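Spelled out, the chains give:
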Amino acid sequence: MPKQPSQETDASQLQRRTYELTILNDIARALNHSVELSQVLQTGLALVAELLGLHTGWVWLVRDDSSAGYMAAAQNLPPALAKHPNRMRGSCYCLNTYEEGDLEGAANINVVKCSRLSGLMAGTDGLRYHASIPLYAHEKKLGVLNVASPDWRKLSAEDLRLLSTIGDLLSIAIERAYLFATSARLGVVEERNRLAREIHDTLAQGLTAVSLQLESADALLEAGADPERIRTTVRQALGLTRASLEEARRSVMDLRAAPLEGRALREALRALAEESAAKGEMQITFKSTGEPLPLPVRIEVGLYRIAQEALTNVLHHANATCACLTLQISSKQITLTIEDNGEGFDPTQVARERFGLIGLNERARLLGGTLHLESTSGSGTCVEVTVPL
């Protein structure tokens, strides 16, 4: 019994849909393998040309700082264009149409005569027309995908829909590549700031201490002090120098892991309090309350550095006789407090070049926490950092 026309139509439509889905699946899978823009564009062009039986294609992208377009990728350009790059610069009919907003959506994807090949007799490989597919990220203009073939037929509604969906897939891949590049740049900036804090918290502080010891030794020499006393001061400077050198080596190897040296935060803070007390010949106590919950490494390192910086400020600027370092851990948050009985200061009058306080605030913010500073002249200082868990 012969098939009815409607059955043939249904089978043909099913075959067409299967073909389209196969193409879209292959393109989406290939585009998902990379976040590098040039590779994304070349992959997209090659697949479109292969799967749709085309030969040539190129992508125009719009610069962020202007509306001008530039050729970001190309596939099998004819000699008349490949050997004359100047013909691929500047505006053209399809770019002007896109910029004016008349090239948007599947209904407006169609075959147009390429103005760059207009009037050329040789080196065109028979190309005269191309289809222009607009690329958008929401309402943001990304550029245009042009695909060409020497024997263009009239595009059907299915062809237009398929090209429009391919354009959407490529637009998503382009925007993802842009976002990844932006994220990488921000990561570089954040890492640079982190390195600056690490250098200030370790090497700069160590070298400052060495300088103070050497200045003391020089003053003792000028005063004709006991040689043994001078020798002790120089030995202390040498010890600090060795410690700074070792810290520099550890920082180069692993800046993140060096501060705690495999210890839990409580043990590391207790050791820090003891070491700081020994350096400054002042009493520093450590208190800890709450459950010993496991904490992310970044929080432990960040809080350790905050405590280190705050205690360094106490030793160098507070003229205090005692200080208290307190760690409180609960299921909801962790609080670190550094309090001293020193001479205090007016927080509103702190010079902008005081990188120590800048570093404290930056570290607290990067941990997702808040820093609260209380200090008045003659009444000591209290630094409290709260980080939600």
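Before going into details, it helps to say that this report is about the structure given with it. (Residues numbered from 1 in each chain as written. Predicted model: local features only at pLDDT ≥ 70, side-chain atom pairs only at ≥ 80, totals over all residues. Heavy atoms only, no water.)

Moving on, we get to the overall build of the protein chain. A count of helices and strands for the protein chain gives 9 helices and 10 strands. Per-residue burial for the protein chain yields a buried fraction of 40% across its 389 residues. Considering only contacts in the protein chain between residues 6 or more positions apart, those separated by 24 or more positions represent 65%. Counting every atom, the protein chain has about 21,900 Å² of accessible surface; 54% of that belongs to carbon and sulfur. (Helix = DSSP H or I, 4+ residues; strand = E, 2+ residues; numbered from the N terminus. Buried < 20%, exposed > 50% of the residue type's maximum accessible area, 1.4 Å probe, protein only. Contact = heavy atoms within 4.5 Å. Areas by Shrake-Rupley, 256 points an atom, 1.4 Å probe, with all protein chains shown as cover.)

On to the pattern of salt bridges. Applying the stated rule across the entire model yields 2 salt bridges. Two residues, Glu228 and Arg231, come together in a salt bridge whose shortest N-O distance is 2.7 Å. With Glu228 and Arg231 both in helix H6 (residues 227-253) and 3 residues apart, the pair spans about one turn of that helix. For Glu228, a relative accessible area of 37% puts it in the partly exposed group. Between Arg235 and Glu228 there is a salt bridge whose closest N-O contact spans 3.8 Å. A network of salt bridges, in which partner residues are shared, links Glu228, Arg231 and Arg235. (Salt bridge = Lys/Arg side-chain N within 4 Å of Asp/Glu carboxyl O.)

What follows covers helix H8 (residues 297-318). Note on helix geometry: an α-helix contains 3.6 residues per turn, so any two residues three or four positions apart are oriented the same way. Between its terminal C-alpha atoms H8 stretches 30 Å, which fits the 32 Å expected from 22 residues at 1.5 Å a residue. The element H8 is largely enclosed, with a buried count of 17 among its 22 residues. The first or second residue beyond H8 is Asn319, which carries a positive phi of 55°. (Expected span 1.5 Å × (residues − 1).)

Time to look at the environment of Gly378. Note that Gly378 resides in the loop between strand E9 (370-375) and strand E10 (381-388). Judged by relative accessible area, Gly378 falls into the exposed class, the value being 61%. For Gly378 and Ala318, which are 60 residues apart along the polypeptide, the C-alpha to C-alpha distance reads 9.8 Å. Other than its neighbours up to four places away in sequence, Gly378 contacts Gly342, Glu343 and Gly344.

In spatial order, the strands read E6-E7-E8-E10-E9; together these 5 strands make up an open sheet with mixed pairing. Strand pairing shows two members of the sheet lacking a second neighbour, strand E6 (283-290) and E9, which therefore form its edges. Direction aside, the axes of adjacent strands within the sheet are offset by 10° on average. Sheet analysis places E6 next to strand E7 (residues 322-329), joined by 8 bridges and oriented parallel. Each residue of the ladder has a partner; that of Gln283, found in E7, is Cys322. Contacts from helix H7 (residues 265-280) reach E6, E7 and strand E8 (333-340) within the one sheet, and its direction differs from that of E6 by about 165°. H8 rests against E6, E7, E8 and E10 of the sheet, and its axis sits at about 10° to E8. (Pairing = 2+ DSSP bridges. Axes fitted to C-alpha atoms, helices over the stretch in contact; angles between N-to-C directions.)

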